[in-house]
Amino acid sequence: MKIGQVAHEAGVSVDTVRFYERRGIVPAARRRPSGYRVFDAAAVERIRMAKSLQELGFTLDEIVDALSAHDRGGATCDSERWRLEAVVERIDARIAELTRARRGAAETLRDCRAGRCRLAYPHAD
């Protein structure tokens, strides 16, 4: 498959396919004498898997590591569960951080509506 076809079937841009190839998410494509990349059909599934892991909250480095573990064989739910647990912990920490930020912003908004705006600086005369 040419790179454009891989991109189309995987639902990504050609640049994303190239980026994933550079990062090792997709194995390096063979090159035709013309220089065009030729991928096998497995590249599409690999990109789809990477995208689904990204949507779950995995970082690019975590995706590369998870796919490498899969490639080495022996990856099971039991051996890989820790990866998803780490993602859930990171998301929970981010939610807590956003909850604190929202609470502070809402408090500041209430104060502003009550005439005690923390965003207005007194003018120096």
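Figured I'd write up the structure that's included with this text. As the structure is a prediction and not an experimental result, all values here were calculated from the model.

Following both chains from N to C, one finds helix α1 (residues 3-10) and helix α3 (residues 42-56) inclined at 45°, their axes separated by 9 Å at the closest point. As summarised for this structure, α1 and α3 are arranged oblique, according to the angle between their axes. Crossing hand, α1 versus α3: right-handed. Listed contacts from α3 to Val6, Glu9 and Ala10 of α1 are Ala43, Val44, Ile47, Arg48 and Lys51. Among the residues making up the contact of α1 with α3, the classes are represented as 5 nonpolar, no polar and 3 charged.

Attention now moves to the packing of α1 against helix α2 (residues 14-23). Any two packed helices are characterised by the angle at which their axes cross and by the distance between the axes. Running from N to C, α1 and α2 point in directions that differ by 100°, and their axes come no closer than 8 Å. What the angle tells us is that α1 and α2 run roughly perpendicular. Listed contacts from α2 to Ile3, Gly4, Val6 and Ala7 of α1 are Val14, Val17 and Arg18. Residues that form the contact of α1 with α2 fall into these classes: 5 nonpolar, 1 polar and 1 charged.

Considered for burial, the residues of α1 that qualify are Ile3, Val6, Ala7 and Ala10. The buried residues of α1 occupy one face: seen down the axis, they fall within an arc of 100°. Among the structural elements, α2, β2 (37-38) and α3 are those in contact with the buried residues of α1.

Let us look at the packing of aromatic side chains. Counted according to the given criterion, the structure contains 1 aromatic pair. Arranged with centres 6.3 Å apart and planes meeting at 45°, the rings of Phe19 and Tyr20 form a pair that is tilted. Look at Phe19 and you get partly exposed, because its relative accessible area is 33%. You can call Tyr20 buried: its relative accessible area is 5%.

Counted by the stated rule, this structure contains 12 salt bridges. Note that Arg48 and Glu45 form a salt bridge whose closest N and O atoms lie 2.8 Å from each other. In this pair, Arg48 and Glu45 are both assigned in helix α3, 3 residues apart and thus about one turn of the helix distant. Given a relative accessible area of 38%, Arg48 falls into the partly exposed group. Using a relative accessible area of 47% as the deciding quantity, one classes Glu45 as partly exposed. The salt bridge involving Asp111 is made with Arg118; its shortest N-O contact spans 2.8 Å.

Our next topic: the environment of Phe58. Inspection of the secondary structure assignment puts Phe58 in the loop between α3 and α4 (60-72). Assessed through its relative accessible area of 8%, Phe58 is described here as buried. Sequence-distant contacts of Phe58, that is, excluding residues within four places in its chain, are made with Leu53, Ile63, Arg83, Leu84, Val87 and Arg90.

About the criteria used
- Residues numbered from 1 in each chain as written.
- Predicted model: local features only at pLDDT ≥ 70, side-chain atom pairs only at ≥ 80, totals over all residues.
- Heavy atoms only, no water.
- Axes fitted to C-alpha atoms, helices over the stretch in contact; angles between N-to-C directions.
- Helix = DSSP H or I, 4+ residues; strand = E, 2+ residues; numbered from the N terminus.
- Parallel < 35°, antiparallel > 145°, perpendicular 65-115°, else oblique.
- Left-handed = near helix turned anticlockwise from the far one by under 90°.
- Contact = heavy atoms within 4.5 Å.
- Nonpolar A, V, L, I, M, F, W, Y, C, P; charged D, E, K, R; others polar.
- Buried < 20%, exposed > 50% of the residue type's maximum accessible area, 1.4 Å probe, protein only.
- Arc of directions from axis to C-beta.
- Phe/Tyr/Trp six-rings, centres within 6.5 Å; stacked < 30°, edge-to-face > 60°.
- Salt bridge = Lys/Arg side-chain N within 4 Å of Asp/Glu carboxyl O.

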